[in-house]
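# Coordinate analysis (summary)
Next come the chains, spelled out residue by residue.
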Amino acid sequence: MRISVLGAGAWGTALAVQASRAGHEVCLWGRDAAAIEAMRASRRNAAYLPDSELPAALALTADRAAAVAHAAGGLTIVATPMSGLRETLAALPVTHRTLWLCKGFEAGSGRLGHEIARELQPSMAVGVLSGPSFAQEVAAGRPTALVAASENDELAHAAVEAFHGERLRIYTSCDPVGVEVGGAVKNVLAIAVGVCDGLSDAAPDAPGLNARAALITRGLAEMMRLGLALGARAETFMGLSGLGDLVLTATGDLSRNRRVGLLLAQGRALPQILQQLGHVAEGVYSAPTVLARARAAGVEMPITEAMVALLDGRVTATQVVELLMSRDARPE
């Protein structure tokens with residue numbers, strides 16, 4: 001299969017490596033011509049995946065038109081951040097079968113990926129590839145399972161053909177709404193769990209493992225409530241893109257969103273944290289939009305609301321715990 005991956009960050013590079021190793025004709029596009037040339041010379045993506053060698057057959061280019069043309073009749077993978085999805089989709093021919101990797105709500109409009117695609121490319125076969133995955137592990141060939149979600153069955157099965165193998169399993173879903181809500185909300189919840197873990201050793205009565213379990217469980221309930229209000233299926237949130245991605249992002253040491261929470265618990269300022277990370281932590285930017293969509297849908301999301309207040313600097317990490325623990329008792 002001819003596959004183009006648009007976006008040479010960690011995740012885009014990892015999937016391009018995986019598909020190239022599987023024998024597909026893969027072209028990886030990045031907008032920084034100097035960075036692409038350095039990758040071509042060293043056969044490594046030094047900025048994002050320095051420990052993974054790029055296959056000799058993997059084509060690299062800074063010419064987006066050439067990359068788009070390469071995928072005609074094959075598969076286009078959009079590996080930009082959510083902020084770049086709209087512009088990238090608008091530039092694609094309607095005949096391209098397209099999956100995106102980005103997770104979150106679009107700033108400003110509050111739309112999920114499928115809503116952006118419906119607005120811009122209503123006739124295009126589109127979907128989302130998501131699930132519990134760190135790019136470093138995928139590039140290293142460590143066992144991983146993802147879900148390809150689309151209302152177009154042919155596209156979902158094309159993703160299986162492109163990426164399914166001995167070390168990467170691809171499941172299919174016809175619920176892109178649920179998969180996208182899970183991918184967006186879990187980043188916000190991972191910040192909350194990071195805060196909880198960061199505070200855990202502060203005092204004898206500080207949060208601990210019990211609190212972490214409660215946060216993950218009640219966070220999953222928040223995620224599901226919002227998803228159902230937006231038209232998702234309940235069972236999706238028990239799968240890879242719901243519970244699976246939440247557990248990984250909330251507890252994995254490679255999670256940038258979790259890292260944000262850990263540093264906030266230490267009293268670090270958010271701008272300093274983001275500068276230190278160097279890469280995007282989508283939960284920081286998604287949190288206000290998640291809350292806005294929830295309020296518009298009449299959905300209660302107290303953990304998300306507390307994270308927005310913390311990120312805005314209106315409360316401290318310790319006060320967040322007090323806010324959540326002081327809520328009235330109610331049926332689960």
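Residue positions are counted from 1 within each chain, in the order its sequence is given. Only residues with pLDDT of at least 70 are given local features in this predicted model, and only at 80 or more are side-chain atom pairs given and counted; all residues enter the totals for whole chains, interfaces and linings. For side-chain calculations, the full set of non-hydrogen atoms in the structure is used, while hydrogens and water are omitted.

As annotated in an unreviewed UniProt entry, the protein carries the name Glycerol-3-phosphate dehydrogenase [NAD(P)+] and is attributed to Pelomonas cellulosilytica. Quoted verbatim from the Pathway (unreviewed entry) field of the UniProt record, the comment on the protein reads "Membrane lipid metabolism; glycerophospholipid metabolism." UniProt positions are given in the numbering used here, feature names are shortened, and annotations may be inferred rather than shown by experiment.

Any two strands between which DSSP finds at least two bridges are classified as paired. Secondary structure is summarised from DSSP: a helix means a run of H or I of at least four residues, a strand means a run of E of at least two, and numbering begins at the N terminus for each. The sheet built from eight strands is open, its strands ordered S5-S2-S1-S6-S7-S8-S9-S10 with mixed pairing. Among the strands making up the open sheet, the edge pair consists of strand S5 (59-61) and strand S10 (168-173). Shown here is a sheet whose adjacent strand axes are inclined to one another by a mean of 25°, direction ignored. It only takes one pair of heavy atoms within 4.5 Å for two residues to be counted as in contact. Between N-to-C directions, angles span 0 to 180 degrees; the directions come from axes that are lines fitted to C-alpha atoms, helices contributing only their stretch in contact. Across the face of the sheet, helix H1 (residues 10-21) comes into contact with strand S1 (2-6), strand S2 (25-29), strand S8 (126-130), strand S9 (144-149) and S10 while running at roughly 165° to S2. Sheet contacts for helix H2 (residues 33-42): S2 and S5; angle to S5, the most-contacted strand, approximately 155°.

Further remarks concern helix H9 (residues 209-229). With 21 residues, H9 ought to run about 30 Å at 1.5 Å a step, and its terminal C-alpha atoms sit 31 Å apart, in line with that. The buried label goes to any residue with under 20% of its type's maximum accessible area, the exposed label to any with over 50%, and the partly exposed label to all in between, with areas taken from a 1.4 Å probe on protein chains only. What H9 keeps buried is the set Leu 215, Ile 216, Gly 219, Leu 220, Ala 221, Glu 222, Met 223, Leu 226 and Gly 227. For H9, the elements touching its buried residues are helix H8 (176-199), helix H10 (240-251), helix H13 (282-296), helix H14 (302-311) and helix H15 (317-325). Positioned one or two residues after H9, Gly 231 has a phi angle of 105°, which is positive. To estimate how far a helix should extend, the number of its residues minus one is multiplied by 1.5 Å.

Here we come to the state of the cysteines. Here, two cysteine sulfur atoms that lie within 2.5 Å of each other are counted as a disulfide. In the structure shown here, the tally under the stated rule is zero disulfides. Free cysteine: Cys 102, not disulfide-bonded; nearest cysteine sulfur from Cys 27 at 19 Å. Of the residues examined, Cys 102 reaches a relative accessible area of 7% and is grouped as buried.

Let's shift gears to empty space enclosed by the protein. Both site types are read off a 1 Å grid over the protein atoms alone. A 1.4 Å probe that fits but cannot get out defines a cavity, while an open set with protein on both sides within 12 Å along at least five of seven lines defines a pocket; lining residues have an atom within 4 Å of a point. Grid points are joined across faces, edges and corners, and a volume is the space filled by probe spheres set on the points. Here the structure, examined in full by the defined rule, presents one cavity of 30 Å³ or more. The volume enclosed by the largest cavity comes to roughly 40 Å³. If you go around the largest cavity, the residues you meet are Met 82, Cys 102, Lys 103, Gly 104, Leu 112, Val 128, Ser 130, Val 179, Glu 180, Gly 183 and Ala 184. Among the elements of the structure, S8 and H8 are those that each provide at least two residues to the lining of the largest cavity. In terms of residue count, H8 provides more of the lining of the largest cavity than any other element does, four residues in total. In this classification, the charged set is Asp, Glu, Lys and Arg, the nonpolar set is Ala, Val, Leu, Ile, Met, Phe, Trp, Tyr, Cys and Pro, and all remaining amino acids, among them Gly, are polar. The residue inventory of the lining of the largest cavity, partitioned by class, reads six nonpolar, three polar and two charged.

Attention now moves to the layout of surface pockets. The method is simple in principle: a probe with the dimensions of a water molecule rolls over the atoms, and the space it marks as empty is what remains. Approximately 1,300 Å³ is the volume attributed to the largest pocket. Gly 9, Ala 10, Trp 11, Tyr 48 and Arg 256 are, among the 50 residues lining the largest pocket, the residues nearest its centre. For the lining of the largest pocket, the leading source of residues is H2, giving five residues. Roughly 870 Å³ of internal volume is contained in the second largest pocket. In terms of lining residues, the second largest pocket is bounded by 31 residues, among which Ala 214, Leu 215, Val 321, Leu 324 and Met 325 are the most central. Counting only elements with at least two residues in the lining of the second largest pocket, the list comes to H8, H9, H14 and H15. Top element by residues in the lining of the second largest pocket is H9. It accounts for seven residues. Its residues assigned to classes, the lining of the second largest pocket comprises 19 nonpolar, two polar and ten charged.

What follows is about the nonpolar core. Of all hydrophobic cores here, the largest spans 49 residues; its most connected members are Val 181, Val 185, Met 223, Leu 226, Val 260 and Leu 264. For this core, the secondary-structure elements that each account for two or more residues are H8, H9, H10, helix H11 (256-265), helix H12 (270-277), H13, H14 and H15. Per element, the largest residue contribution to this core is 13 residues, and it comes from H8. Excluding residues that lie within four positions of it along the chain, Val 185 makes contacts with Met 223, Leu 226, Val 290 and Met 301. Here the nonpolar core consists of buried residues drawn from Ala, Val, Leu, Ile, Met, Phe, Trp, Tyr and Cys, with membership extended through side-chain atoms lying within 4.5 Å.

Turning to unusual backbone geometry, a few remarks are in order. Positioned with a positive phi, Arg 43 is a non-glycine residue whose angle comes to about 55°. Note that Arg 43 resides in the loop between H2 and strand S3 (44-45). Judged by its relative accessible area of 19%, Arg 43 falls in the buried class.

Turning to the packing of aromatic side chains, a few remarks are in order. Aromatic rings from Phe, Tyr and Trp, with only the six-membered ring used for Trp, were paired whenever their centres fell within 6.5 Å, and each pair was classed as stacked if the ring planes differed by under 30 degrees, edge-to-face if by over 60, and tilted otherwise. Inspection of every chain in the model, using the stated rule, returns zero aromatic pairs. The aromatic ring of Trp 29 is capped on one face by Arg 64, whose charged end is 5.7 Å from the ring centroid. Any Lys NZ or Arg CZ that is within 6 Å of a ring centre and within 35 degrees of that ring's normal is treated as a charge sitting over the ring.

Residues given the UniProt feature "domain: Glycerol-3-phosphate dehydrogenase NAD-dependent C-terminal" (unreviewed entry) here are residues 175-321. With 71% helix and 0% strand, residues 175-321 has its two end C-alpha atoms placed 34 Å apart.

Now for the UniProt feature "domain: Glycerol-3-phosphate dehydrogenase NAD-dependent N-terminal" (unreviewed entry) in the protein. In the numbering used here, UniProt assigns the feature "domain: Glycerol-3-phosphate dehydrogenase NAD-dependent N-terminal" (unreviewed entry) to residues 3-155. A helix fraction of 33% and a strand fraction of 24% characterise residues 3-155, whose end C-alpha atoms lie 13 Å from each other.

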